[in-house]
Amino acid sequence: MEREVRVRFAPSPTGPLHIGGVRTALYNYLFARKMGGTMILRIEDTDQTRFVPGAEDYIRESLEWCGVELDESPWKDGPYGPYRQSERKPMYMQYALQLVESGHAYYAFDTSEELDEMRERLKAAKVATPQYNAITRMTMKNSLTLPEDEVKRRLESGEAYVIRLKVPRKEEVRLKDMIRGWVMVHSSAIDDKVLMKSDGMPTYHLANIVDDHLMKITHVIRGEEWLPSAPLHVLLYRYLGWEDTMPEFAHLPLLLKPDGNGKLSKRDGDKFGFPVFPLEWKDPFSGDISIGYRENGFLPEAFVNFLAFLGWNPGTQQEIFTMPELIEAFSVDRIGKSGTKFDWQKARWFNEQYLRSKPDEELAQYLLQALEEHNIECSFEQAVKICSLMKERVTFPSDFWRESSYFFEAPTSYNEKVASKKWNSQAVAVFEDFKNELPSLADYNADAIKELLNNVLERHGMKIGQVMQALRLAVTGLEAGPDLMHIIEIIGAEETKARIEAAIEKLAAYASA
RNA sequence: GGCCCGUUCGUCUAGGGGUUAGGACGCUAGAUUUUCAUUCUAGUAACAGGGGUUCGAUUCCCCUACGGGCUACCA
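Residues numbered from 1 in each chain as written. Chains lettered and ligands numbered in written order. Predicted model: local features only at pLDDT ≥ 70, side-chain atom pairs only at ≥ 80, totals over all residues. Heavy atoms only, no water.

K.L.:
Explain the packing of helix α1 (residues 19-34) against helix α9 (residues 300-308) to me, please; I cannot follow it from the model alone.
P.N.:
Helix packing for two helices is described by the angle between their axes and how far apart those axes are. Two elements in contact, α1 and α9, have axes separated by 10 Å at closest approach and are oriented at 85°. The angle between the axes of α1 and α9 places the two elements in the roughly perpendicular class. Contacts from Ile19, Val22, Arg23, Leu26 and Tyr27 in α1 reach Phe303, Val304, Leu307 and Ala308 in α9. For the contact of α1 with α9, the per-class residue count stands at eight nonpolar, no polar and one charged. (Axes fitted to C-alpha atoms, helices over the stretch in contact; angles between N-to-C directions. Helix = DSSP H or I, 4+ residues; strand = E, 2+ residues; numbered from the N terminus. Parallel < 35°, antiparallel > 145°, perpendicular 65-115°, else oblique. Contact = heavy atoms within 4.5 Å. Nonpolar A, V, L, I, M, F, W, Y, C, P; charged D, E, K, R; others polar.)

This is the structure:
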């Protein structure tokens with residue numbers, strides 16, 4: 001019988017979630033929604049020493065920003081809570097004990113010094129992979145080698161111990177991955193993994209199997225870094241007697257550094273000059289700040305669209321997808337196998353596409369906000385006009401203000417190159433007439449302004465191409481920008497007149513040359 | 001080192017025994033424009049190498065190379 005699809009995203013709160021994690025969450029979400037299933041978030045905080053304050057809130061806020069909705073989570077209770085492993089602590093021991101009783105696990109009392117010693121010894125003996133396994137466990141201090149009464153005595157005296165899985169010496173462990181097909185691993189390559197730590201917490205391996213089982217998870221979609229330990233997880237399901245409801249696995253290709261050397265890591269943001277985190281993160285210990293996509297001006301839709309295409313594609317020519325469209329198009333068998341390098345240029349392109357598809361009225365809000373911060377007044381209508389002029393040339397919302405400040409402030413300097421090449425006495429003669437006649441224009445709009453300019457040019461026997469660059473220089477100080485007539489329309493006749501007069505004065509040296 | 005996974009234009013990728021190996025980003029050129037950008041058009045550029053299997057392999061198999069992951073009482 002087909003079970004209702006239930007998937008989980010299970011980050012550990014050890015710092016900011018990086019984009020690889022966000023992508024894993026996204027794929028889980030898309031799959032859940034596509035299948036009409038349930039999306040769960042479980043916090044994997046079994047390592048108390050790595051807890052970072054704020055990390056959990058960061059995860060929550062990041063997913064909210066991306067539009068990844070959680071059906072069950074620490075913040076939205078469901079039938080299988082709690083959703084923080086630290087709060088599920090009492091649940092794990094019984095399963096570990098069940099394994100001990102069935103002979104699939106055992107107590108071990110070795111100190112970390114003894115473990116190091118064992119590894120050193122094996123290394124010296126040229127053993128390829130020094131590990132606690134079927135062979136070496138018989139030389140260590142555990143319930144397999146110690147007399148029964150001593151084991152009992154040690155346990156009762158409160159001595160520190162761990163519970164290890166007794167991995168069989170020779171056995172092929174097969175695992176079917178939805179992305180890679182059958183993966184075969186020999187049990188000799190797996191060591192006797194610690195299941196319960198001496199602090200009473202389970203390790204990832206035990207906790208993840210117990211929780212996935214208890215939470216009725218049907219599909220485990222996670223990063224490829226988990227593939228090597230997946231056979232171990234299969235063994236756990238088997239020994240716990242849960243193999244018939246074992247989830248299906250899908251191991252996602254990793255996100256790689258742009259230079260193709262290694263998986264994208266937290267430090268790479270600074271190194272390559274783009275964010276690796278969805279949101280800005282301030283490290284609570286060092287105070288270091290890492291930039292985020294949101295603060296960098298990315299629209300969440302663009303970020304999600306871009307991320308979805310890192311390792312997956314719909315098999316059609318369509319590139320722009322809304323979240324509902326992604327859900328509709330998503331399927332696990334269109335996820336690629338090979339690692340994916342991060343392409344900053346393409347990320348920008350997606351953002352441009354989304355920005356341009358927004359109505360001018362919405363874009364105007366970005367500009368208005370920036371203007372407010374600079375204490376500049378501007379009507380909503382003006383802002384809309386400016387944005388409609390600028391939208392084809394911006395990548396980020398912050399560009400609206402950065403690229404359009406001349407609408408509000410007269411130029412304080414002029415592009416040197418244009419000034420020396422295009423500013424001359426003939427142009428100035430045209431501008432004298434133009435700026436004087438501008439305020440008396442009956443119908444003040446871009447078309448009328450252009451008509452006036454043409455009239456003046458005709459009187460002077462000149463063509464529009466001869467003065468346009470210089471006029472732009474006078475009005476904006478720059479060498480390039482959107483349609484000048486529209487700029488002049490927005491700025492207004494009086495301001496334009498004043499700017500032209502200022503330019504004539506300041507650039508006099510060029511005109512006489 | 002051992003084990004596991006992978007390898008199509010610079011990048012993201014489609015394809016799959018016989019194709020002019022397709023698209024997108026980037027880049028280049030042309031067109032448009034008052035400039036820059038946009039837009040449009042064109043161009044650039046790839047099946048890692050070697051063996052098989054086959055009438056025919058980029059596609060299937062093996063080996064090598066290269067890349068990546070894992071190798072903790074971390075997840």
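K.L.:
Explanation requested: the protein's contact with RNA strand B in the structure shown.
P.N.:
Among the 57 residues in the neighbourhood of RNA strand B, the closest are listed as Arg180, Glu392, Arg393, Gly481 and Asp483. Within 4 Å of the protein, the atoms of RNA strand B are drawn from sugar and phosphate moieties in a proportion of 70%. One nitrogen or oxygen atom from the side chain of glutamate 392 is found 2.2 Å from a sugar or linking oxygen belonging to RNA strand B. For the surface near RNA strand B, the secondary-structure elements that each account for two or more residues are α4 (112-124), β4 (162-165), β6 (181-186), β13 (340-341), α11 (344-357) and α18 (464-476). If you tally residues by element for the surface near RNA strand B, the top one is α11, at four residues. The class makeup of the residues in the surface near RNA strand B is 18 nonpolar, 16 polar and 23 charged. (Near = heavy atom within 4 Å. Polar contact = N/O pair within 3.5 Å; in protein donor to acceptor, adjacent residues only side chain to side chain.)

K.L.:
Please explain the layout of surface pockets as it appears in this structure.
P.N.:
Rolled over the atoms, a probe as big as a water molecule pinpoints where empty space is left. Its boundaries defined by the atoms lining it, the largest pocket holds a volume of some 1000 Å³. In terms of lining residues, the largest pocket is bounded by 38 residues, among which Ala10, Pro11, Ser12, Glu225 and Trp226 are the most central. For the lining of the largest pocket, the secondary structure elements donating two or more residues are β1 (6-9), α1 and β8 (219-223). Ranked by residue count, the leading element in the lining of the largest pocket is α1, at five residues. Of the residues in the lining of the largest pocket, the class split is 15 nonpolar, 12 polar and 11 charged. By volume, the second largest pocket amounts to about 450 Å³. Around the second largest pocket, the lining is made up of 20 residues, and of these Arg3, Thr218, Met246, Pro247 and Glu248 lie nearest the centre. (1 Å grid on protein atoms, 1.4 Å probe; cavity = no way out; pocket = protein on both sides within 12 Å on 5 of 7 lines; lining within 4 Å. Points joined across faces, edges and corners; volume = space filled by probe spheres on them.)

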